[in-house]
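# Coordinates in review
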Amino acid sequence: MNLNVLVIGSGGREDALCWKISQSNLLGELYCIPGNPGTGRWAKNFLISINDFESIKNFCIEKKVDLVVVGPELPLVTGIEDYLSQFGIKIFGPSKSAAMIEGSKSFAKELMIKKNVPTAKFKKFSIDEIEDAKKFLLNANYPIVLKVDGLAGGKGVTICDNYNSSIKVLEEIFINKKFGDSGNIIVVEEFLDGEEFSVFAVTDGFNYVLLTPAQDYKRIGDNDTGKNTGGMGSYAFNNLLNQTQIEEIKKNIIEPTLEGLREINSPYKGVLYCGLIQTINGIKVIEFNCRFGDPETQSVLTTLNSDFLDLLWKTVNGDLSEVKLEIDGKAICLVLASEGYPDEFEKGFEITGIYDLENKDDLIIFHAGTIFKDNKLLTNGGRVLNVVSYSREKNFSDLIKNVYDAAEKINFKNKYYRKDIGLKALRKIDSQLF
Ligand code: AMP
Ligand code: GLY
């Protein structure tokens, strides 16, 4: 087979998707829209907006694209699957109605309640119920979690320690419209305590397979301090979860959720990202996303030995029943960011020292926010590069050393990274928690 594939997006996740797809024997041509200098190593980049569905459709027809793989949530939530499907173009990613599982927190919560999927207790309030919301917050137990219903670029969740701070957040959302219409509804949720992890179920709506479980580091500062970010690092290995936990996740979470979506005529096709937490009362869902995680994907895909394109192709063709994935080894991803991220930061600084690292075993540098200008590689975003080390044989301490050695060799002005990525994995193995 010679499949022509188009990946949509421009971050480290899409660089990892292109890298893995490029290794497939089934691949014909690989394209990326809009891509970045990293994806340019494995794919041909084309500068088209990811929200311009018509131009993407024309591109697919012109280039005879057999499969479109979507990275970010926005085009999925706004209906790229439904749009391209009308023209017979196959797409790895859910329909608009199934992508609501990420596009609307209250939709996801109501589905979970209906199907008895364990999750935090919640109450939903719409913008005209602000007084009811205030009354609820007056009598609530703290901390409590406030979430805007719609997409908010990872910034729509606030954990509030007391009534006053929760009222402030509520007013920012409902009165100052900080999140625009995404904040027309809020979900107020019980605070859950425990270890978080991410599980990725690749599914054709009926059958599914699990990729390597992973953890990401969401906070900007060491020891999980400071603001939430898109993710400052990740690691993945199969023994992160034991068999009992995997069975619990399958039976209590993934299977009823897929069934619930089928029951409302929105069978889910693509990857269901389950953001989970191990509480003392069992594993619960923190959130679902309708796409691959970033930066988890950068770790997860380096531990996959099976043909990734074959998996994606079988998913869109409803043919997952016989698929058995070969997953092996472990991986760590360290994000190099621009100082100031997730708030204001400068960009346009030259990146040096990266090319010497390109041919090293067990190491790969994915690009997130970079750009080529006048033959120079420049910083172009908050998260700039992802340094990934992976191995079947080496242990986590070697991988940690690898990524931090590389991080020191790469230079750009205002480079910032966390110093504790991977230590949690070490502690888990040492304490034999997993
Ligand atoms: P979300 O965008 O829903 O993943 O939330 C972002 C982060 O907020 C999560 O990864 C958690 O760390 C935290 N969070 C969300 N919901 C809860 C909850 N119910 N209890 C505790 N922490 C939460
Ligand atoms: N790593 C978090 C996310 O992709 O949403």
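Structure first, text after, so check above.
Calculation rules
- Residues numbered from 1 in each chain as written.
- Chains lettered and ligands numbered in written order.
- Predicted model: local features only at pLDDT ≥ 70, side-chain atom pairs only at ≥ 80, totals over all residues.
- Heavy atoms only, no water.
- Pairing = 2+ DSSP bridges.
- Helix = DSSP H or I, 4+ residues; strand = E, 2+ residues; numbered from the N terminus.
- Axes fitted to C-alpha atoms, helices over the stretch in contact; angles between N-to-C directions.
- 1 Å grid on protein atoms, 1.4 Å probe; cavity = no way out; pocket = protein on both sides within 12 Å on 5 of 7 lines; lining within 4 Å.
- Points joined across faces, edges and corners; volume = space filled by probe spheres on them.
- Nonpolar A, V, L, I, M, F, W, Y, C, P; charged D, E, K, R; others polar.
- Salt bridge = Lys/Arg side-chain N within 4 Å of Asp/Glu carboxyl O.
- Buried < 20%, exposed > 50% of the residue type's maximum accessible area, 1.4 Å probe, protein only.
- Contact = heavy atoms within 4.5 Å.
- Near = heavy atom within 4 Å.
- Polar contact = N/O pair within 3.5 Å; in protein donor to acceptor, adjacent residues only side chain to side chain.
- Areas by Shrake-Rupley, 256 points an atom, 1.4 Å probe, with all protein chains shown as cover.

So, about the sheet that holds strand E7 (residues 144–148). A sheet is described by the order of its strands in space; here 4 strands give the open sequence E6-E9-E7-E8, paired in antiparallel fashion. The open sheet is flanked by strand E6 (122–126) and strand E8 (157–160), the only strands paired with a single partner. On average, each strand axis in the sheet is inclined to that of its neighbour by 20 degrees, with strand direction left out of account. Where E6 lies against strand E9 (residues 185–190), 5 bridges are found, and the strand directions are antiparallel. The partner of Phe-125 across the bridge, within E9, is Ile-186.

Another aspect to go through is empty space enclosed by the protein. One pass over the structure, following the stated rule, counts 1 cavity of 30 Å³ or more. Put simply, the largest cavity is a space of about 70 Å³. In terms of lining, the largest cavity is formed by Ile-101, Glu-102, Lys-105, Ala-108, Lys-109, Met-112, Lys-147, Glu-189, Ile-286, Glu-287, Phe-288 and Asn-289. Mapped by element, the contributors of at least two residues to the lining of the largest cavity are helix H5 (96–103), helix H6 (105–114) and strand E17 (282–289). Looking at the lining of the largest cavity residue by residue, the class counts come to 5 nonpolar, 1 polar and 6 charged.

The tally for this structure, following the rule as stated, stands at 28 salt bridges. The partner of Asp-181 in a salt bridge is Lys-177, with the nearest N and O atoms 3.5 Å apart. Using a relative accessible area of 59% as the deciding quantity, one classes Asp-181 as exposed. Judged by relative accessible area, Lys-177 falls into the partly exposed class, the value being 32%. Between Asp-362 and Lys-394 there is a salt bridge whose closest N-O contact spans 3.0 Å. Of this pair, Asp-362 sits in the loop between strand E18 (330–338) and strand E19 (363–367) while Lys-394 sits in the loop between strand E22 (383–391) and helix H12 (396–409), and the two are 32 residues apart along the sequence. Beyond isolated ion pairs, a larger network of salt bridges with shared partners links Lys-114, Lys-115, Glu-259 and Glu-263.

Buried within H5 we find Ala-98, Ala-99, Ile-101, Glu-102 and Gly-103. Residues of H5 that are buried in the fold lie against helix H3 (73–77), H6, helix H9 (243–263), strand E16 (270–279) and E17.

Taken together, the neighbourhood of ligand 1 is formed by 14 residues, with Glu-189, Leu-192, Glu-196, Lys-218 and Glu-287 sitting nearest. With respect to ligand 1, the side chain of Glu-196 contributes an N or O atom lying 2.5 Å from an oxygen atom. Isolated, ligand 1 exposes 470 Å² of accessible area, and the fraction of that covered by the protein chains is 90%. Among the secondary structure elements, those contributing two or more residues to the shell around ligand 1 are E7, E8, E9 and E17. Counted by class, the shell around ligand 1 contains 7 nonpolar, no polar and 7 charged residues.

Surveying the vicinity of ligand 2 reveals the residues Asp-216, Gly-230, Tyr-273, Asn-289, Arg-291, Gly-293, Asp-294, Pro-295 and Glu-296. Take Asp-294: an N or O atom from its main chain is 2.9 Å from an oxygen atom of ligand 2. Burial of ligand 2 by the protein chains amounts to 87% of its free accessible area of 190 Å². Residues of the shell around ligand 2, tallied by class, amount to 2 nonpolar, 3 polar and 4 charged.

Attention now moves to the side chain of Asn-386. Topologically, Asn-386 is positioned in strand E22. At a separation of 2.8 Å, a polar atom in the side chain of Asn-386 contacts the side chain of Gln-298. With sequence-adjacent residues up to four places away left out, Asn-386 is seen in contact with Gly-12, Gln-298, Cys-333, Leu-334, Val-335, Ile-364, Ile-365, Phe-366 and Ala-368.

Looking now at unusual backbone geometry. Going from Asp-294 to Pro-295, the amide bond is cis rather than trans, its omega being 20 degrees. The topology assignment puts Pro-295 in the loop between E17 and helix H10 (296–300). Cis peptide bonds are those with omega within 30 degrees of zero, and the linkage from Tyr-341 to Pro-342 qualifies with 10 degrees. Looking at the secondary structure, you find Pro-342 in the loop between E18 and E19. At Lys-177, a position not held by glycine, the phi torsion is positive, near 55 degrees. You can see Lys-177 is positioned in the loop between helix H8 (163–174) and E9. In this structure, Asn-414 takes a positive phi of about 70 degrees despite not being glycine. Considering the arrangement of structural elements, one finds Asn-414 in the loop between H12 and strand E23 (415–416).

By themselves, these figures tell us nothing about what the structure is for.
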